[in-house]
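# Architecture and fold: a report
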Amino acid sequence: MPEAARSDRVEGAVLVGEGEWGRVIGRLKQEVGEAAYRSWLKSMRFERVADGEGVIAVPTRFLRNWVATHYADRLLALWRTENEQVNRLAIIVEPRVAAFAQAKDEEMVTAPAALAEPLAMPDIVEVGANLSAPLDPRFTFENFIVGKPNELAHAAARRVAEACVSPAHSVPFNPLFLYGGVGLGKTHLMHAIAWHVRMQAPGRKVIYLSAEKFMYQFIRALRFRSTMDFKDQFRSVDLLMIDDVQFISGKDSTQEEFFHTFNALVDQNRQIVISADKSPSDLAGLEERMRSRLGWGLVADIHPTTYELRLGILQSKAEQSALRLPQKILEFLAHKIVSNVRELEGALNRIIAQMQLVGREITLEGAQDLLHDLLRANERRVTIDEIQRRVAEHFNIKMAEMTSSRRARAVARPRQVAMYLSKQLTSRSLPEIGRKFGGRDHTTVIHAVKKIEELIESDSALAEDVELLRRMLQS
Ligand code: ADP
Ligand code: MG
C-alpha cells in the first residue's frame, strides 16, 4: 500500500495501536520465518483498533483468504497479548485505488490507470503460470519429521526433488505415487518438493494441483475451446504434481485427458508425482490401463503414525512456538491423539493458544478439559463383541464358544486371547469383561491375561496371531 497515502491520512502521527501491531507482526515473523513472512504477511497494513476489533488491510482478496485461513488465529492470539481489548480480527481488502480514495477524506478520487502499479501478489502464485495452486509456506522438508511410517515416502520425495534440480535433470521413478490416509503428510511432501525446486532451480516449471482443480481447469478449457492451450500448459512442465487423484476417478473425459497428458509427459521424461488415499490397485473407478500405468514408477505408502513419530512432531512444533510446553503434556497428546497429524496439530495449537491467553503453563487436567472432544473422538472404539467375533473367526470356532463353559484347549485358548485383547483394547474393567464371557469371575480374566502374556514370550506363532488380531481390530 502506498506510503504517501498513509502519511497523508495520519499527517505524520502514529496511529493508535500501530506500535502494538508492529510487535505482533514482528513476533509472527519470527514464528513463521522470513520466506513465509515475505510471501504472505509483508503487505499487511495496520488500519485501526476500535471497539475490540483489530482491523488490518491486505491488497487482494486472495491474500485476505490466505491470511484468514492460515494466520488469523495466531494473529489474534498475539495481538491479545499486546492489547487484551482486542477480541476480534477483521481483514479487509484494500487495493491501491481504494486506499487512495480513503486517504483523501473519503472523497472519491480515481487514481489514473497509468499510475496504478500492479499489486504485489505473493510470488509463489506464479509457479506454473496461473495453473498451479498456492503452496503452503509451512510445508517444507525442513518442517517434515521423518519416522518409520513415512520414511520411504519422504526419501522418495527428496530423491525426486533433488533429481529435478540437478543439472542432469534425471527422473528417478515415474510416477512417484504417494498414498496414505488423511492427514498423514501427502500434501506436505508434495509442497516440500515444489518449494525445494523453486528455491534451488527457479527456472524449472512446476505445477502443483489438486485433482479437482485439474478437472475444473479441464472442463473450463473445453467450454472455452482452449483445450490446446490447456494441453500445452501441462506439456511444457518439468514437474507435474496432482494431489488426491481419488477424486478424478469416475469422470471419463477427464480421466482420458489425464491419461494422455500423463503419457505425453512420461514419454518426454518429465517428472510426475501423484497422491491418493489408496494404492493404484485399490482406487475405485479407474480405468485398468490408467491403474497399471500409475503403478509403473515407485509406489510409496505413508502408514498411520506411531507414538514416536507423534512425539517427534509435537516436540518440533513446540520448539517452533517458542513457548515452554511441559514434556508430560506432549507425551499425553502423543498417546491420546492417534488419528492423524492434522488433529495432533490442532490439539497442540489449542493448548498453545490457551497458554498464551492465560499466560502460564497448562496442567494435565487442564489439557484434558480443553481437548475433551478430540480425546473422545480418538478413543479406540473397539467393543468386546467385536473382539470376540474376530477372534472366533480367526481361530475358526463358533462365536458361542466365547461364552460357553467348554474347557477344551481348542476353544479355551482363543477365549483367553479374546479376554486378553479385551483388557488391552477396551477400557472395560475385569469384572465387566468376565461378565461378557459367559459370566466368568474377574480372576478368570486375570488368569487369561497372564497366560497369554507368558505365551507371547514363548510361542511365536501365538504371538503373531495376537499381533495380527490387534492390528485388525485397531485399523
Ligand atoms: P494429507 O495431505 O496426507 O491429508 P497433510 O500433508 O495435509 O496430509 O498433513 C496434515 C498436517 O499434518 C499438515 O499441517 C502437515 O504439515 C502435518 N504433518 C503431517 N505429517 C507430518 C510430519 N511427518 N512432520 C510434520 N508435520 C506433518
Ligand atoms: Mg492432502
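### Quick word on the sheet that holds strand β3 (residues 88–93)
Spatially, three strands are ordered β1-β2-β3 in an open sheet, and the strand pairing comes out mixed. This sheet does not close on itself; its edge strands, each paired only once, are β1 (45–50) and β3. Neighbour to neighbour, the strand axes of the sheet diverge by 25° on average, direction disregarded. Bridge analysis of strand β2 (residues 53–58) against β3 gives six bridges, and the strand direction is parallel. Note on β3: the bridge partner recorded for Val55 is Ala90. Packed onto the sheet, helix α5 (residues 72–82) meets β1, β2 and β3 and runs at close to 125° relative to β3.

### A look at the nonpolar core
Ranked by size, the top nonpolar core spans 28 residues in total, and within it Leu178, Leu189, Ile193, Leu239, Met241 and Val273 carry the most contacts. The element contributing the most residues to this core is helix α8 (residues 186–200), with seven residues. Beyond its immediate stretch of four places on either side in the chain, Leu178 contacts Ala153, Lys186, Leu189, Met190, Val273, Ile274, Ser275, Ala276 and Ala300. Counting 27 residues, the second largest nonpolar core, distinct from the first, contains Phe234, Ile248, Phe259 and Leu283.

### Observations concerning the pattern of salt bridges
Scanning the model with the defined rule gives 15 salt bridges in all. The partner of Asp385 in a salt bridge is Lys436, with the nearest N and O atoms 3.6 Å apart. Residue Asp385 is located in helix α18 (residues 384–395), and its partner Lys436 is located in helix α20 (residues 430–436); the two are separated by 51 residues in the primary sequence. We classify Lys436 as partly exposed; its relative accessible area is 37%.

### Observations regarding the side chain of Asp136
Topologically, Asp136 is positioned in the loop between α6 (96–103) and α7 (151–165). Judged by its relative accessible area of 4%, Asp136 is buried. One polar contact links Asp136 to Arg138, side chain to side chain, over a distance of 2.8 Å. Look past the residues within four positions of Asp136 in its chain and what remains in contact with it is Trp66, His70, His191 and Trp195.

### Examining the sheet that holds strand β4 (residues 176–180)
In space, the five strands of this open sheet follow the order β5-β6-β7-β4-β8, with parallel pairing throughout. A strand with exactly one partner marks an edge of an open sheet, and here the two such strands are β5 (206–210) and β8 (298–302). Strand after strand, the sheet turns through a mean of 15° between neighbouring axes, direction not considered. Bridge count between strand β6 (residues 239–243) and strand β7 (residues 271–276): four bridges; the pairing is parallel. When the bridges of β7 are listed, Met241 appears paired with Val273. Each of β4, β5, β6, β7 and β8 touches α8; the most contacted strand, β6, lies at about 160° to it. Lying over the sheet, helix α11 (residues 252–267) contacts β6 and β7, oriented at roughly 140° with respect to β7.

Calculation rules
Residues numbered from 1 in each chain as written. Chains lettered and ligands numbered in written order. Predicted model: local features only at pLDDT ≥ 70, side-chain atom pairs only at ≥ 80, totals over all residues. Heavy atoms only, no water. Pairing = 2+ DSSP bridges. Helix = DSSP H or I, 4+ residues; strand = E, 2+ residues; numbered from the N terminus. Axes fitted to C-alpha atoms, helices over the stretch in contact; angles between N-to-C directions. Contact = heavy atoms within 4.5 Å. Core = buried A, V, L, I, M, F, W, Y, C linked by side-chain atoms within 4.5 Å. Buried < 20%, exposed > 50% of the residue type's maximum accessible area, 1.4 Å probe, protein only. Salt bridge = Lys/Arg side-chain N within 4 Å of Asp/Glu carboxyl O. Polar contact = N/O pair within 3.5 Å; in protein donor to acceptor, adjacent residues only side chain to side chain.

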